[in-house]
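Structure assessment
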Amino acid sequence: MIKNKGLILSMDVVEKQKAIMIAEETCDSVDAIKVGYPLVLGAGIGIIGELARYAPVIADFKVADIPNTNKLICEHVFKAGADSVISHGFPGRDSLSSCIETAEEFGKEVYVVAEMSHPGATDFFLPVAESIAEMAVECGAAGVVAPATRPDSLKRIRNIIGNELKIMSPGVGAQGGKASDAISSGADWIIVGRSIYKSQYPKKVAESIVAEIESVTR
Ligand code: C5P
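Residues numbered from 1 in each chain as written. Predicted model: local features only at pLDDT ≥ 70, side-chain atom pairs only at ≥ 80, totals over all residues. Heavy atoms only, no water.

Per an unreviewed UniProt entry, the protein goes by Orotidine 5'-phosphate decarboxylase and derives from Methanosalsum zhilinae. In its Function (unreviewed entry) section, the UniProt record describing the protein reads: "Catalyzes the decarboxylation of orotidine 5'-monophosphate (OMP) to uridine 5'-monophosphate (UMP)." (UniProt positions renumbered as here; feature names shortened; annotations may be inferred.)

Right, here's the structure in full:
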C-alpha cells in the first residue's frame, strides 16, 4: 500500500449507501479504506469492490484460525477486491504464513495485529506484542497494527520491526490517541473511524487530521 496522506479511514458504518457516500466525500484525504465485520455483515462482501473504486481496501477480519481456514478467508477477501488483509498473529506462525502465502499468490499484503488499542488489550496482549511483531518480520508481513493509544508501545514495536515493515495505528480520536503523537512515535498511517464517519462533516475532519499528520512529517 502506498503511503501518501498517512490516513486510513475505518469504515465501520453498516449501511452500503452511507459507506459509499462517506467514501466519495473523503477519498481525496485517505490512503485506504478499512472495512471489517460491521460493514461486510451489514452490506455484503460486494461492498469491498464498491469501495475499491475510491481507495485501496483493507479487509480487517483479524484472521485468526487454522492455516487452511485462513487461506480460504484470504482467498475470498482478495477475490472480492481487497488490497490487503489484517490478520492476528497469536494463532501461530503456520496460520500467519498461510495468510501471507495466499496474499503473495494474489500480489496482495498482510498486516498483523501486534497489539490492540483498547484498554482490555492489557489483560492478555501486552506481554506477547513484541514476539508477535518479531514473527511478523520473520514471516514476511507487509507491516503490523499497533496502538496510537500507547505511543511507548509504538516506539518499542518500531524498534523491533525496523524500517522496512509499515505500522498502521488505530485508536486516534474516539479511543483517545492523538494523530501527531502516533506518527512521531513511528506510525506510517493512523486509522480513524468514528471521529470521521460519525461527524456531520467527514471531509473536513479527514482534511484536518491530514493537516495534523503533515505538521509532524514536513
Ligand atoms: O472508531 P475508531 O477510530 O476507534 O476505530 C478504530 C478501528 O480500528 C476499529 O475498526 C477497530 O476495530 C480497529 N482496530 C483497533 N485496534 C486494533 C486493530 C484494529 O481499534 N489493534
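It is worth spelling out the overall build of the protein at this point. From N to C terminus, the protein includes 11 helices and 8 strands. Its C-alpha atoms give the protein a radius of gyration of 16 Å, near enough to 17 Å, the size a compact globule of 218 residues would have. Seen along its three principal axes, the alpha-carbon backbone of the protein occupies a region of about 45 × 35 × 30 Å. Going through the 218 residues of the protein one by one, you find that 51% of them count as buried. Across the protein, the fraction of contacts at a sequence separation of at least 24, relative to all contacts at a separation of at least 6, is 66%. Split by element, the accessible area of the protein, about 9,700 Å² in all, is 51% carbon and sulfur. (Helix = DSSP H or I, 4+ residues; strand = E, 2+ residues; numbered from the N terminus. Rg over C-alpha atoms; globule rule 2.2 N^0.38 Å. Buried < 20%, exposed > 50% of the residue type's maximum accessible area, 1.4 Å probe, protein only. Contact = heavy atoms within 4.5 Å. Areas by Shrake-Rupley, 256 points an atom, 1.4 Å probe, with all protein chains shown as cover.)

The next subject is unusual backbone geometry. For Lys62, which is not glycine, the phi dihedral falls at a positive 40°. By secondary structure assignment, the location of Lys62 is in strand β3 (residues 57-63). Accessibility expressed as a relative area gives 29% for Lys62, which makes it partly exposed.

Taken together, 15 residues are adjacent to the ligand, and Asp12, Lys34, Ser117, Gly193 and Arg194 come closest. With respect to the ligand, the side chain of Ser10 contributes an N or O atom lying 2.9 Å from an oxygen atom. At 2.9 Å from an oxygen atom of the ligand is found a side-chain nitrogen or oxygen belonging to Gln175. Alone, the ligand offers 470 Å² of accessible surface; in the complex the protein occludes 88% of this. Among the residues making up the shell around the ligand, the classes are represented as 5 nonpolar, 4 polar and 6 charged. (Near = heavy atom within 4 Å. Polar contact = N/O pair within 3.5 Å; in protein donor to acceptor, adjacent residues only side chain to side chain. Nonpolar A, V, L, I, M, F, W, Y, C, P; charged D, E, K, R; others polar.)

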